[in-house]
Amino acid sequence: TLSVVLSEMEDKAVSGQLNQYLIMLPRNMFAKRFIEENPGISPLKVFAEVSKAWKNLSQAEKDRYTNYYIESKKTLIQSDKPPALPKTSFELFYNARCQKKGRRGFEFKKLSRKKYCSLKQSKKIKYIKLASVELYSYEFEAAKYQEKHPDWIYPSRRGPNKEESEMYLL
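Residues numbered from 1 in each chain as written. Predicted model: local features only at pLDDT ≥ 70, side-chain atom pairs only at ≥ 80, totals over all residues. Heavy atoms only, no water.

A.B. asks: Help me out: how do you make sense of the overall build of the protein chain in this one?
C.D. replies: Counting its regular elements, the protein chain contains nine helices and zero strands. For the protein chain, the α and β elements follow one another from N to C terminus as α-α-α-α-α-α-α-α-α. A burial count over the protein chain gives 30% of its 170 residues as buried. Within the protein chain, counting contacts between residues at least 6 apart in sequence, those at least 24 apart form 58% of the total. (Helix = DSSP H or I, 4+ residues; strand = E, 2+ residues; numbered from the N terminus. Buried < 20%, exposed > 50% of the residue type's maximum accessible area, 1.4 Å probe, protein only. Contact = heavy atoms within 4.5 Å.)

Next comes the structure, spelled out in structure tokens:
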């Protein structure tokens with residue numbers, strides 16, 4: 001049901017797997033409360049009933065949800081964690097392959113490493129570009145984080161290796 005979906009979204013938001021602001025949207029917060037207060041609604045009619053109830057809600061009530069969203073968003077934005085290290089071109093290739101094949105694990109990673117090493121330059125460049133973008137974003141976020149936390153030690157640089165950088169620049 002929608003209530004279960006929203007609860008799962010909250011869990012994923014806390015772990016950073018999902019954009020945290022989506023679950024806090026005023027209408028989504030209203031939907032969660034509405035479903036909790038009306039547990040007898042058929043799962044097939046939940047979305048229609050929530051939509052109808054939201055439309056019939058007074059503007060003052062909608063504003064209350066909106067204000068709650070704004071305040072919640074302010075607290076969620078103020079994350080004090082250092083930026084995650086950028087992924088290498090191989091990691092990006094491996095993650096794409098895992099999604100496509102639906103597999104993970106040490107053996108699959110070894111096979112993926114061999115496959116990545118044997119890729120043609122024209123295919124490998126896609127992952128090198130993505131890794132370069134991730135590196136650029138990471139360096140930007142790390143610089144912002146280091147301004148706030150001068151004692152933070154900047155981890156060693158990750159990104160395309162020398163060979164990949166040369167391929168990218170060609």
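From this point, the narrative continues.
A.B. asks: Sorry if this is basic, but what is going on with a positive patch on the surface here?
C.D. replies: A contiguous patch of positive charge on the surface is contributed by Lys100, Lys101, Arg103, Lys115, Lys120, Lys123 and Lys126. Residue assignment for the positive patch shows that the elements contributing at least two residues are helix H6 (89–101) and helix H8 (121–148). One can find arginine 103 in the loop between H6 and helix H7 (106–117). On the basis of relative accessibility, which here comes to 45%, the residue arginine 103 falls in the partly exposed class. (Patch = residues over 30% accessible without salt bridge, like charges linked within 9 Å, V, L, I, M, F, W, Y side chains within 5 Å. Areas by Shrake-Rupley, 256 points an atom, 1.4 Å probe, with all protein chains shown as cover. Salt bridge = Lys/Arg side-chain N within 4 Å of Asp/Glu carboxyl O. Lys, Arg positive; Asp, Glu negative; His and termini not counted. Charge placed at Lys NZ, Arg CZ, Asp CG, Glu CD.)

A.B. asks: Is there a simple way to think about the pattern of salt bridges in this case?
C.D. replies: Pairs can form between side chains of opposite charge once their charged atoms are near each other. Enumeration according to the criterion identifies five salt bridges in this entry. Among the salt bridges present, the one from arginine 64 reaches glutamate 61, with a minimum N-O distance of 3.1 Å. Linking arginine 64 with glutamate 61, this pair stays in helix H5 (residues 59–77), spanning three residues, or about one helical turn. Taking the relative accessible area as the measure of exposure, arginine 64 reaches 46% and is therefore partly exposed. We classify glutamate 61 as partly exposed; its relative accessible area is 26%. The residue glutamate 107 makes a salt bridge to lysine 110 at a minimum N-O spacing of 3.8 Å. Here glutamate 107 pairs with lysine 110, and both are found in helix H7, just three residues apart, close to one helical turn.

A.B. asks: What exactly am I supposed to notice about the side chain of arginine 97 here?
C.D. replies: Inspection of the secondary structure assignment puts arginine 97 in helix H6. If we skip the residues at most four places from it in the chain, arginine 97 touches Gly102, Phe108, Leu111, Ser112 and Lys115.

A.B. asks: How should helix H4 (residues 46–56) be read in this particular structure?
C.D. replies: Residues that lie three or four places apart on an α-helix share one face, since the helix turns once every 3.6 residues. Of the positions making up H4, those classed as buried are Val46, Val50, Ser51, Ala53 and Trp54. Along H4, the residues classed as buried sweep out an arc of 165 degrees about the axis, all on the same side. What points out from H4, more than 90 degrees from its buried face, is the exposed set Lys55 and Asn56. (Arc of directions from axis to C-beta.)

A.B. asks: Explain the packing of aromatic side chains here, please?
C.D. replies: Describing an aromatic ring pair means giving the distance of the ring centres and the angle of the ring planes. On inspection of all chains with the given rule, the structure shows eight aromatic pairs. Ring centres of phenylalanine 90 and tyrosine 116 lie 5.9 Å apart, and the angle between their planes is 65 degrees; on these two criteria the pair is classed as edge-to-face. Here the residue phenylalanine 90 occupies a position in helix H6, and tyrosine 116 occupies one in helix H7, the gap between them amounting to 26 residues. The same class applies to phenylalanine 90 and to tyrosine 116, which are both buried. Aromatic pair tyrosine 94 and phenylalanine 108: ring centres 6.1 Å apart, planes at 45 degrees, arrangement tilted. Here phenylalanine 108 lies in helix H7 and tyrosine 94 lies in helix H6, a separation of 14 residues in the sequence. Of the two residues, tyrosine 94 and phenylalanine 108, neither departs from the other in class, the shared state being buried. Members of the aromatic cluster, connected to one another through ring pairs, are Phe90, Phe93, Tyr94, Phe108, Tyr116 and Tyr127. A cation sits over an aromatic face here: lysine 109 above tyrosine 94, 5.1 Å from the ring centre. (Phe/Tyr/Trp six-rings, centres within 6.5 Å; stacked < 30°, edge-to-face > 60°. Lys NZ or Arg CZ within 6 Å of the ring centre and 35° of its normal.)

A.B. asks: Quick question: what am I supposed to make of the packing of H6 against H7 here?
C.D. replies: At a minimum axis distance of 10 Å, the contact between H6 and H7 shows a crossing angle of 120 degrees. Judged by the inter-axis angle, H6 sits oblique to H7. Relative to H7, the crossing made by H6 is right-handed. Contacts between H6 and H7 involve Ser89, Phe90, Phe93, Tyr94, Arg97, Cys98 and Lys101 on the former and, on the latter, Phe108, Lys109, Leu111, Ser112, Arg113, Lys115 and Tyr116. (Axes fitted to C-alpha atoms, helices over the stretch in contact; angles between N-to-C directions. Parallel < 35°, antiparallel > 145°, perpendicular 65-115°, else oblique. Left-handed = near helix turned anticlockwise from the far one by under 90°.)

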